[in-house]
Amino acid sequence: MTESTLEPLLNECEQEPLDHSGLIQDGGVLLHIERDSGLIAFVSNNAAAFLGDAASDLIGTDGRAWIQDFLPDVSDLPTGAGRRLLLERALDLGFGELDVLVSATATGWLIELEPALDPLVDLSRIALRAMPEPIDDAALTAAQQDLVDRIAEATGFERVMLYEFKADWSGEVLAERALRSTTAYLGLRFPASDIPAIARALYARTPYRHIPDVNREPIAILSATGPSGALDLTWSDLRSVSPVHREYLRNMQVAASFSVSVIVEGRLWGLVACHHPEALRVPIATRMRCQELVAQHVALLTAHRRQLQGAQLARLERELASVARISETDTAVLERLQDRLAPIARLLEAEGVALVVDDEIVQSSVTDSVELIRALHDWCVTHQSEKVAAVERLPDALRFVSQASNGRLCGMLAVSVRAKRHGNRLVGVYFFRPAESMEIAWAGNPEKPVEVAGGASGSTLKLSPRHSFEKWVEVRTGFARPWDRLAMFTATQLQRRLEAML
Ligand code: BLA
């Protein structure tokens, strides 16, 4: 299967209206009360089993009056989309005790009722270990393991993983706790298409996603007026599951899953992904406790990131101190800068560096590549509008580089500065990393993230997730080690400092 045939099929995944499916998972009942009219506008078609009343009898009735059975003071309803309120064992209409989760939406409230369930353990006793500051790499690894261990303890999941997204949205399992399983996913990489962008966008907004039993068929939502797909299910815990993802989980021998979003500085950093070979429903209170544990871990991650950045900034300041002391108009400033380039390159873990001012190469450690550096500078001036730009593989952009540099110029971090005090000249500082060969252990062949069936005699092609998650080692050559967040931070700080000095 070539990439060009796969492309449109993978694009289909990006079109699935996950948050407007008009369906919920079996195992609970959902209603939506409109804020303006107070009426119940949507009810899942299994209401009778939990509430005694059929969905068709509830729909269009007074939702505010109904809600007062378990929430006497209606002013306690949460406001602001995504705000939630859990009422444990709030309702029993003769069909068993129900936990009630109320979530505010843009147009009203989602009311989700699930059979009351006791947490596996006393949730107040589940706590993360405190880590001494400053946090070193070993402490961070220990904290990651602690997080997956505690979530396994709280939920009873057979396998719990901490999964980190890379810059290209593939992901790696950084920590794993597997109780009975013989296969390990620790250290393995999964392709970006396993979690489509449309699903990631949803997980960036919501705290967690729970699928208690992939084998239960979904339940339709009835609507008072238009189509049931009109209801926004973003904040619903019961939201139905994409058929492709159900197949994916079955292929992994997973019957129940639970993923908690790890959001760092507003960006989806990763997930805590939990698997179980049999159906497993996590009580709502436990879901929320896991959300809190992850938030605590995020605070630690953020502190660690700040700590690394602080140390790096101090080193950079030290290197630039002698440059900063020169008077604003003195042209010796560029000479001083030249002296500091090698240590700054070491901070960035770069093996080569060049300084170009307008079209003059002031300094280059890549001595036999003068013409190359000049051409590179010209290219950057015309193609890179960013003040800091990172390239993992220069030859992709510039054919002449691959021909001339023998792989020494492969990764490039370009910092460009307008020297306002020095004739508005354009200063380019270029850091280089060589091409390296590296091994990436994937969970299944990344060239075949999916299987495609059909297509014979005019039948439509059908995409399904891969069946094998066996370790598959890719030997990747011709790429430089990627510039990580700390390198980007350092380059950005360097750019700002130079702009202030030059
Ligand atoms: C959702 N895919 C997910 C989720 C995970 C993964 C964690 C979140 C829901 C959940 O917790 O079950 C993938 N699970 C993983 C990965 C690991 C893991 C990478 O444990 C590694 C340890 N999936 C495909 C293809 C498509 C696809 C080809 O493989 C689309 C064509 C779709 N995955 C898909 C969709 C969702 C999803 C649509 C969203 C499901 C939902 O929330 O409704």
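Given the structure is predicted, the values throughout are model-derived calculations rather than measurements.

1. Some thoughts on the overall build of the protein chain
Line of reasoning, step 1. When helices and strands are tallied, the protein chain shows 13 helices and 22 strands.
Line of reasoning, step 2. Taken along the three principal axes of its C-alpha coordinates, the protein chain extends 85 × 60 × 45 Å.
Line of reasoning, step 3. Considering only contacts in the protein chain between residues 6 or more positions apart, those separated by 24 or more positions represent 64%.

2. Quick look at the UniProt feature "domain: Phytochrome chromophore attachment site" (unreviewed entry) in the protein chain
Line of reasoning, step 1. In the numbering adopted here, UniProt assigns the feature "domain: Phytochrome chromophore attachment site" (unreviewed entry) to residues 147-296.
Line of reasoning, step 2. Helix makes up 27% of residues 147-296 and strand 30%, with an end-to-end C-alpha separation of 9 Å.

3. Concerning the sheet that holds strand S6 (residues 108-115)
Line of reasoning, step 1. Ordered by their spatial adjacency, seven strands build an open sheet running S1-S11-S3-S2-S6-S5-S4, and the pairing between neighbours is antiparallel. The outermost strands of the open sheet, each flanked by one partner alone, are strand S1 (23-24) and strand S4 (84-91).
Line of reasoning, step 2. Of the strand pairs in this sheet, strand S3 (residues 40-44) and strand S11 (residues 219-223) are connected by three bridges, and their pairing is antiparallel. Each bridged residue has a counterpart across the sheet, and for valine 43 the counterpart in S11 is leucine 222.

4. A closer look at the sheet that holds strand S15 (residues 360-364)
Sheets are built from strands that pair by backbone hydrogen bonding, the pairs being arranged parallel or antiparallel.
Line of reasoning, step 1. In spatial order, the strands read S15-S14-S18-S17-S16; together these five strands make up an open sheet with antiparallel pairing. Both edges of this open sheet fall to S15 and strand S16 (388-391), since each of them pairs with a single strand only. The sheet shows a mean angle of 15° between the axes of neighbouring strands, taken without regard to direction.
Line of reasoning, step 2. Helix-sheet contacts for helix H9 (residues 332-347) involve strand S14 (352-357), S15 and strand S18 (425-433), and the interaxial angle to S14 is about 155°.
Line of reasoning, step 3. Contacts from helix H10 (residues 370-383) reach S14, S15, strand S17 (411-419) and S18, with the element oriented near 120° to S15.

5. Structural notes on H9
Line of reasoning, step 1. When the terminal C-alpha atoms of H9 are compared, their 23 Å separation across 16 residues agrees well with the 22 Å that a helix rising 1.5 Å per residue should span.
Line of reasoning, step 2. Leucine 341 marks where H9 bends most, by close to 40°; the proline proline 343 follows one to four residues later.
Line of reasoning, step 3. For H9, the complete set of buried residues consists of Val333, Leu337, Leu341, Ile344 and Ala345.
Line of reasoning, step 4. In this fold, the buried residues of H9 make contact with helix H8 (284-324), S14, S15, S18 and helix H13 (485-501).

Calculation rules
- Residues numbered from 1 in each chain as written.
- Predicted model: local features only at pLDDT ≥ 70, side-chain atom pairs only at ≥ 80, totals over all residues.
- Helix = DSSP H or I, 4+ residues; strand = E, 2+ residues; numbered from the N terminus.
- Contact = placed C-beta atoms within 7 Å.
- UniProt positions renumbered as here; feature names shortened; annotations may be inferred.
- Pairing = 2+ DSSP bridges.
- Axes fitted to C-alpha atoms, helices over the stretch in contact; angles between N-to-C directions.
- Expected span 1.5 Å × (residues − 1).
- Bend = angle between axes of the 7 residues up to and from the residue.
- Buried ≥ 20, exposed ≤ 12 C-beta atoms within 10 Å, placed from the backbone.

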